[in-house]
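As a plain string of letters, each chain reads:
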Amino acid sequence: MKKILVLMASLLALPVMAGEVSNPYLRASAPGAPNSAGFMVISNPTDQELALVRAEADLAKKVELHNHVNDNGVMRMRQVEKIVIPANGQVELKPGGFHVMIMGLNKQLKPGEQESLTLHFSDGSSQTLNVPVKKVQPMMHAGGNKMQHDMAGGMKKEMHKH
Ligand SMILES: [Cu+2]
């Protein structure tokens, strides 16, 4: 309890919080689609490295942190333990890169709606955001292939390959 009060006091005292989130959005999902993803820009105005270490949301069974890697011209998702935001820097979570992976949706995500997403950072802080749902165009990469990520059930298929 004491710790929480100290944390709250320090947050109130600071003009900017570590881990400033801007432009967060969730990818709208097709009816019955199991997965979605969350994107945003996270800034770290402090002189200490910060990392996004966990995310959670009520709208799905599982929320993970992912990155995309180019594996011989095929974009594949990988789970990552954390997403580092350099001191005095920022990181962009975007289609084709880092993202908050939302797996096992228990509802359809419709454009214009807002969903709650909680982010946990390496400094012990957390933020609960109201994130708008937006339509995200399927990304094409250099190879012209549609990414695994945009395929319904693509994640499952990918895992079976290993
Ligand atoms: Cu993913």
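Note on numbering: residues in each chain are counted from 1, in written sequence order. Given that this is a predicted model, residues contribute local features only at a pLDDT of at least 70 and side-chain atom pairs are listed and counted only at 80 or more, while totals for whole chains, interfaces and linings are drawn from all residues. Hydrogens are left out, water is left out, and the side-chain values use all remaining heavy atoms of the structure.

## Some thoughts on the overall build of the protein
Now for step 1: Regarding its fold elements, the protein presents two helices and 10 strands.
Now for step 2: Residue burial in the protein is summarised as follows: out of 162 residues, 43% are buried.
Now for step 3: Whether two residues touch is decided by their heavy atoms; if any such pair falls within 4.5 Å, the residues are in contact. Of the contacts formed within the protein by residues at least 6 apart in sequence, a portion of 66% connects residues at least 24 apart. For the purposes of this entry, the term helix denotes a DSSP run of H or I that reaches at least four residues, the term strand denotes a run of E that reaches at least two, and both are numbered from the N terminus. Residue burial is assigned from relative accessible area. The probe radius is 1.4 Å, only protein chains are included, and a residue is buried under 20% of its type maximum, exposed over 50%, and partly exposed in between.

## Some remarks on the coordination of the copper ion
Now for step 1: Protein coordination at the copper ion: the donors are His66 (ND1), Met77 (SD), His99 (NE2) and Met101 (SD), at 2.0 to 2.2 Å from the metal.
Now for step 2: Coordination geometry of the copper ion: the four donor atoms subtend angles of 103 to 117° at the metal centre, consistent with an arrangement described as tetrahedral.
Now for step 3: A 2.8 Å cut-off from the metal defines N, O and S donors, relaxed to 3.2 Å for Na, K and Ca; water is not in the atom list, so some sites may appear incomplete. Spacing between the donor residues of the copper ion along the chain follows H-x10-M-x21-H-x1-M. Placement of the pair is Met77 in strand E5 (residues 74-79) and His99 in strand E8 (residues 99-105), with a sequence separation of 22 residues.
Now for step 4: Judged by relative accessible area, which is 4%, Met77 ranks as buried. Each label reflects the angles at the metal, where four donors whose angles all fall between 85 and 135 degrees are tetrahedral, four or six donors whose opposite pairs open beyond 155 degrees and whose other angles stay between 65 and 115 are square planar or octahedral respectively, and the rest are irregular.

## Side note on the nonpolar core
Now for step 1: Remark: nonpolar core denotes a set of buried residues (Ala, Val, Leu, Ile, Met, Phe, Trp, Tyr, Cys) joined through side-chain atoms within 4.5 Å. Residues Ile42, Leu52, Leu59, Leu93, Val100, Ile102 and Leu119 are the most contacted members of the largest nonpolar core, which totals 27 residues.
Now for step 2: Sorting the residues of this core by element identifies strand E2 (35-44), strand E3 (50-56), strand E4 (60-71), strand E6 (83-85), strand E7 (89-93), E8, strand E9 (114-121) and strand E10 (126-134) as the ones contributing at least two each.
Now for step 3: Apart from the residues lying within four places of it in its own chain, the contact partners of Ile102 are Leu26, Pro34, Asn35, Ser36, Ala37, Gly38, Leu59, Ala60, Lys62 and Val63.

## Points about the confidence of the model for the protein
For any part of a model where pLDDT is low, the fine detail of the predicted coordinates should not be relied upon.
Now for step 1: The predictor's confidence in any single residue is recorded as pLDDT, a number from 0 to 100. Residues at a pLDDT of 70 or more form 74% of the protein, whose mean pLDDT is 84.
Now for step 2: A low-confidence stretch, residues 141-146 stays under pLDDT 50, and its non-local contacts, those more than four residues away or across chains, total eight contacts.
Now for step 3: Predicted confidence is poor over residues 150-162, with pLDDT under 50, and the contacts of this stretch with residues over four places away or in other chains come to 17 contacts.

## Considering unusual backbone geometry
Peptide bonds are mostly trans, and most non-glycine residues show a negative phi.
Now for step 1: Even without being glycine, Asn23 reaches a positive phi, approximately 50°.
Now for step 2: As for its position among the elements, Asn23 is in strand E1 (residues 20-27).
Now for step 3: Overall, the relative accessible area of 47% leaves Asn23 in the partly exposed class.
Now for step 4: Of note in this structure, Asn72 is not a glycine but carries a positive phi near 55°.
Now for step 5: Its location among the elements puts Asn72 in the loop between E4 and E5.
Now for step 6: The exposure class of Asn72 is exposed, given its relative accessible area of 78%.

## Structural notes on the pairing of E5
Now for step 1: Note on pairing: DSSP must find at least two bridges between two strands before they are called paired. Looking at chain direction, E4 and E5 are connected through six bridges and run antiparallel. In the strand pairing of E5, Asn70 is matched with Met75.
Now for step 2: Joining the antiparallel neighbours E4 and E5 is a turn of two residues, in which Asn72 adopts a positive phi near 55°.

## Some words on the pattern of salt bridges
Now for step 1: Whenever a carboxyl oxygen of Asp or Glu lies within 4 Å of a side-chain nitrogen of Lys or Arg, that contact is scored as a salt bridge. According to the stated counting rule, one finds four salt bridges in the structure shown.
Now for step 2: Salt-bridge contacts for Lys62 lead to Glu64; the nearest nitrogen and oxygen are separated by 3.4 Å.
Now for step 3: Looking at Lys62, the relative accessible area reads 46%, which means it is partly exposed.
Now for step 4: Salt-bridge contacts for Glu115 lead to Lys107; the nearest nitrogen and oxygen are separated by 2.9 Å.

## Notes on the pairing of E8
Now for step 1: Burial analysis of E8 places seven of its seven residues in the buried class, the great majority of the element.
Now for step 2: Strand direction decides the pairing type here: E2 and E8, joined by four bridges, are antiparallel. Its bridge partner being in E8, Asn35 is matched across the sheet by Met103.
Now for step 3: As defined by bridge partners, E4 adjoins E8 across six bridges and the pair is classed as antiparallel. By the bridge assignment, His66 is partnered in E8 with His99.

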